[in-house]
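Here is how the chains run, residue by residue.
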Amino acid sequence: MPPDIPGELVEISASYRITALKAFEELEWPTWPPEVAEKYSEVWAKNKIECVLAGPALAGFLLASRPPSSANVTLDPDTAHPELIVSADRRSVRRGDTQPALPKNIERFDTALCVLGCEGFTSGRHYWEVDVKVEIEVEGKGFWAMGVARESVSRKGPLSFTPEQGIWALEGCEDEFWTHTLTEQFNSFSRSRAPNRIRVYLDYERGRVEFVNAGSGDVILTFPSASFAGEGIYPFFWVGFRGSGSRLTLCP
């Protein structure tokens, strides 16, 4: 069970500064479930003036230690590969059976079966959750990937899902997950325990990208810290193989 929020934090008092420091040191933000993050956010809203008055150093620490905010991510159809089908509400994507004639705009991926989120991030801590539906009887087993990408990521030609190419992504198929880095990481689950909802965390200032089993809170994979250098970072999605091999759906 995740630790609850110390009761002292809801009080505006002279001891708040010390209590806040201890609490933020003890609680790792990627493990907080949404309800805990929301409660912490309420406390922050009530006490932010107190934090600022605590002095520049402490105020900066507390500002950097705020819990992540839930991002309302939707898909940008203007970036979607022509074979991808983006739902009307822009929250779901799968690969179709045909390639319709679409404008060949500079934003659109023309080779990799990718789509980006509508809005990027240039600061702060954020998370969003994605439901993964895979029909394992489909040939190819429905490979998929999710994560974040730089605004400058190449949209034309083949693409490797690596930080060197501006992508921090978790790739998956059935009960296996992996990421392509200099030291490749793999994580396998039994089919009955494989998570079907994944929480993506982005800490812009710390250059941190992490993937968590939204059901259990267990960390699946974490990327080494990176420098985003002020560039916009966008939610990133990829689905492979035709038909119903895989579908990624953003949770409300």
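Anything mentioned here points back to the structure above.
Quick look at the structure, then. Starting from 1, residues in each chain are numbered consecutively following that chain's sequence as written. Selection of residues for local features in this predicted model requires a pLDDT of at least 70, selection of side-chain atom pairs for listing and counting requires 80 or more, and totals for whole chains, interfaces and linings are taken over all residues. Computation of side-chain values covers all heavy atoms of the structure but excludes hydrogens and water.

Turning our attention to the overall build of the chain. Secondary structure elements are defined from DSSP: runs of H or I of at least 4 residues count as helices, runs of E of at least 2 residues count as strands, and each element is numbered from the N terminus. Each helix and strand in the chain was counted, giving three helices and 14 strands. A contact between two residues is defined here by any heavy atoms of the two lying within 4.5 Å. Summarising the internal contacts of the chain: among those between residues at least 6 apart in sequence, 68% fall at separations of at least 24. For every accessible area listed, the method is Shrake-Rupley and the probe measures 1.4 Å; residues are considered covered only by the protein chains on display. Summed over its atoms, the accessible surface of the chain is roughly 12600 Å², and 53% of this surface lies on carbon and sulfur atoms.

Attention now goes to the packing of aromatic side chains. Two rings from Phe, Tyr or Trp (for Trp, the six-membered ring) form a pair when their centres are within 6.5 Å of each other. A pair whose planes differ by under 30 degrees is stacked, one over 60 is edge-to-face, and the rest are tilted. With the rule as written, the count across this model stands at seven aromatic pairs. On the numbers, 5.8 Å between centres and 15° between planes, the contact of F121 with W128 is stacked. The buried label applies to any residue whose accessible area, calculated with a 1.4 Å probe on protein chains only, is under 20% of its type's maximum; exposed applies above 50%, and partly exposed to all values in between. A relative accessible area of 3% means that W128 is categorised as buried. Members of the aromatic cluster, connected to one another through ring pairs, are F161, F236 and W238.

Attention shifts here to the nonpolar core. Counting 47 residues, the largest nonpolar core has W128, M146, F211 and F237 as the members making the most contacts within it. A total of six residues in this core trace back to one element, the largest contributor, which is strand β13 (residues 233-239). In this structure M146 touches V130, V132, W168, A169, L170, I198, V200, F211, F236, F237 and L248, once residues within four positions along its chain are discounted. Throughout this description, the term nonpolar core refers to a set of buried Ala, Val, Leu, Ile, Met, Phe, Trp, Tyr and Cys residues connected via side-chain atoms within 4.5 Å.

Our next topic: the pattern of salt bridges. Take a side-chain nitrogen of Lys or Arg and a carboxyl oxygen of Asp or Glu: if they are within 4 Å of each other, that pair is a salt bridge. Under the criterion given, the structure shown has eight salt bridges. The salt bridge partner of R206 is D203, with a shortest N-O separation of 3.8 Å. Using a relative accessible area of 40% as the deciding quantity, one classes R206 as partly exposed. Three or more residues joined by partner-sharing salt bridges are found here, namely E129, D131, R197 and R199.

Moving on to the environment of S70. Structurally, the position occupied by S70 is in strand β1 (residues 69-70). Judged by relative accessible area, S70 falls into the exposed class, the value being 55%. In this structure, the C-alpha to C-alpha distance between S70 and Y127, residues 57 residues apart in sequence, is 5.2 Å.

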